[in-house]
Amino acid sequence: MADNQNKTLVNRLVELGEREATVLEHDALRVIIDDQGGMIPELSGIRGKSRINAHWQPWFRSNSPRPYNDAEHGSFWKGNLLYHIAGSFPCAPNFGPGHFIEGLTMPPHGWTANQKWQFINNGIDEETGTAWALSSMRAPAGGRMPLSFRKIDALIPGQPVHYSSLEITNSGGVDLEINCGWHNTLGAPFLQSDCRISAAAKRWTSAPLGGEFDTTARLNPGAEFSSLSSAPLHQGGKIDLSRVPGPIGYTDFVTGLIPSSAPLGWSALLNPFLKLAYLCFFTGPGNGAEDDIILRFNDLWMQYGGRPFTPWAPYEGGTDLTYCLGTENAVAAYANGLEYARRTRQLMGAPVTALIPAGRTRTLRYGVLFAPYDGNALDDGIQSIETEESLLICKGKHDSSRFTADPAFGVLKKIQTKLADSR
């Protein structure tokens, strides 16, 4: 289905591993969204006669149409998530490892990243020319988390942005505290040595001891620092995390607190060689409405070759062949899971769970921009972002770049209302 005047397209296809997917496309951007786990293996823009994909395509991702079976696949992939993982995906109601909670076995990064989404419909909005796709999911039966999920993916003509809304409804009689996040993961050829990481956070901490980074990290565990440019190393000294290295044999995780007054939350990777910006943005703590899920933290998963075990390496003790960067954003306690977050309550003074009241719905609205920028304005990263009605103004050290976007999510909200009315 296409709108020739606005050059938007929405269609269904079958991609690698016979995974059913939706493709949204216009002149500036192509997005492929799998039904399985909501994985987004491709978010690409035109580059010369070809395209460049910003998203991570794991070398170990299964290309088999056979569903994950723990007895057959578990020794290598370690779980369903890694059998299917690619690019970015929504995480709810868990952000972190699998565990038992509320009478259910909670998978890593939650049901939204592991179960198959039910495709409902797609189309092009007559008023705005926006291409959209709608899908849904329910929590497994038998536990004490009666949650349901509705997801809208959308492309607005003239904007190099993939928009998503994730509605989470609690149909039970008890309020539920959950984790929620978006796991954006970038890979080559967009990710290169000396790319620049930027984020809204003004206060950071590295992952504490007792988790998956104990044996892979170069950073001092559980250490707070004020800037990505001065992160403390385990062996002493400091490192500038804002400059991406090549594969160096370490895997680290840091989380940054987005200021409570920030109207917009955001994180970004800038490639100064390709002059390309990848920017995640979402409603900030200072601008939240009653129905918003607010992501309080920027999370960086720096997978630079520190995991000499499968599936990151081809065999146990082998060379980690996996080079990627997670520019993730979440309301969670590090990436340690929902049960840990409920016990921890706060991190750096901010809540690490989102409340879904009994009988109510809350929504995460999220945008991912992938676009070229002119000159050298963002070569050293983004210092701050200002918004106008249809603009994101990204300020570098010496100049700024402007991107056409909808930072208030006005179009997405209208489409969400229209689709709700059509239930």
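See the structure above.
First things first, this report covers the structure right here in the doc.

A word on the layout of surface pockets
Moving on, step 1. Of the voids in this model, the largest pocket is the one considered here, and its volume is about 600 Å³.
Moving on, step 2. If you go around the largest pocket, you meet 28 residues; those closest to its centre are Pro97, Pro108, His109, Glu212 and Arg307.
Moving on, step 3. It is helix H2 (residues 80-84) that provides the largest number of residues to the lining of the largest pocket, a total of three residues.
Moving on, step 4. A volume near 390 Å³ is recorded for the second largest pocket.
Moving on, step 5. Lining the second largest pocket are 19 residues, with Ile197, Ser227, Ser242, Ile382 and Gln383 positioned closest to its centre.

Section: the pairing of strand E25 (residues 297-304)
Moving on, step 1. Among the eight residues in E25, eight count as buried, and that is most of the element.
Moving on, step 2. Burial along E25 is two-sided: the face carrying Phe297, Asp299, Trp301 and Gln303 and the face carrying Asn298, Leu300, Met302 and Tyr304 are both buried.
Moving on, step 3. Bridge analysis of E25 against strand E26 (residues 323-331) gives eight bridges, and the strand direction is antiparallel. Bridge pairing in E26 links Met302 to Leu325.

Overview of empty space enclosed by the protein
Moving on, step 1. Across all of its chains, the model carries two cavities of 30 Å³ or more by this definition.
Moving on, step 2. Estimates place the volume of the largest cavity at around 80 Å³.
Moving on, step 3. Forming the walls of the largest cavity are Arg12, Thr22, Ile33, Asp34, Asp35, Trp117, Phe119, Ala133, Leu134, Ser135, Lys151 and Asp153.
Moving on, step 4. Those elements giving two or more residues to the lining of the largest cavity turn out to be strand E4 (30-34), strand E11 (131-138) and strand E12 (147-155).

A look at the sheet that holds strand E24 (residues 276-283)
Moving on, step 1. Pairing is antiparallel in the open sheet, where eight strands are placed in the order E10-E11-E12-E13-E30-E24-E23-E17. With partners counted over all chains shown, the strands left at the sheet margins are strand E10 (118-124) and strand E17 (196-199), one partner each. Taking the axes of each pair of neighbouring strands and ignoring which way they run, one obtains an average angle of 15° across the sheet.

So, the packing of aromatic side chains
Moving on, step 1. All told, the structure shown has 20 aromatic pairs when counted by the stated rule.
Moving on, step 2. Aromatic side chains Trp56 and Phe60 sit 6.1 Å apart centroid to centroid with 75° between the ring planes, which places their arrangement in the edge-to-face category.
Moving on, step 3. Aromatic rings pair up to connect Trp56, Trp59, Phe60, Tyr68, Phe76, Trp77, Tyr83, Trp301 and Trp312 into one cluster.
Moving on, step 4. One Lys or Arg, Arg12, reaches over the ring of Phe119 and ends 4.0 Å from the middle of that ring.
Moving on, step 5. Residue placement shows Lys151 over the ring face of Trp117; its charged tip is 5.2 Å from the ring centre.

Re the side chain of His162
Moving on, step 1. In this structure, His162 sits in strand E13 (residues 161-170).
Moving on, step 2. On the basis of relative accessible area, His162 is assigned to the buried category, the value being 3%.
Moving on, step 3. Here His162 is in contact with Leu29, Val31, Ile33, Ile40, Leu43, Asp153, Ala154, Leu155, Tyr366, Gly367 and Val368, once residues within four sequence places are set aside.

A few points about the sheet that holds strand E31 (residues 384-388)
Moving on, step 1. One open sheet holds the three strands; their spatial order is E31-E32-E33, and the pairing between them is antiparallel. What marks the edges here is a single partner per strand, and that holds for E31 and strand E33 (400-404). Each strand of the sheet is rotated relative to its neighbour by a mean of 20°, with strand direction disregarded.

Some words on the side chain of Asp379
Moving on, step 1. Relative to the helices and strands, Asp379 resides in the loop between strand E30 (361-372) and E31.
Moving on, step 2. In this structure, Asp379 is in contact with Arg196, Pro272, Lys275 and Tyr373, ignoring residues within four places of it in sequence.

What to know about the pairing of strand E22 (residues 250-257)
Moving on, step 1. Most of E22 is tucked away, with seven of its eight residues classed as buried.
Moving on, step 2. Pairing of strand E18 (residues 203-206) with E22 involves four bridges; the strand directions are antiparallel. Residue pairing for E22: Trp204 is matched across the bridge by Gly256.

What to know about unusual backbone geometry
Moving on, step 1. Across the junction of Ala188 and Pro189, the peptide omega takes the value 10°, indicating a cis bond.
Moving on, step 2. Following the sequence through the fold, Pro189 ends up in the loop between strand E16 (185-187) and E17.
Moving on, step 3. In the segment running from Thr310 into Pro311, the intervening peptide bond is cis, with an omega of 0°.
Moving on, step 4. Tracing the sequence through the fold places Pro311 in the loop between E25 and E26.
Moving on, step 5. Positive phi, normally seen in glycine, also occurs at His109, with a value near 65°.
Moving on, step 6. If you trace the backbone, His109 turns up in the loop between strand E9 (104-106) and E10.
Moving on, step 7. For Phe409, which is not glycine, the phi dihedral falls at a positive 60°.

About the cut-offs
Residues numbered from 1 in each chain as written. Predicted model: local features only at pLDDT ≥ 70, side-chain atom pairs only at ≥ 80, totals over all residues. Heavy atoms only, no water. 1 Å grid on protein atoms, 1.4 Å probe; cavity = no way out; pocket = protein on both sides within 12 Å on 5 of 7 lines; lining within 4 Å. Points joined across faces, edges and corners; volume = space filled by probe spheres on them. Helix = DSSP H or I, 4+ residues; strand = E, 2+ residues; numbered from the N terminus. Buried < 20%, exposed > 50% of the residue type's maximum accessible area, 1.4 Å probe, protein only. Pairing = 2+ DSSP bridges. Axes fitted to C-alpha atoms, helices over the stretch in contact; angles between N-to-C directions. Phe/Tyr/Trp six-rings, centres within 6.5 Å; stacked < 30°, edge-to-face > 60°. Lys NZ or Arg CZ within 6 Å of the ring centre and 35° of its normal. Contact = heavy atoms within 4.5 Å.

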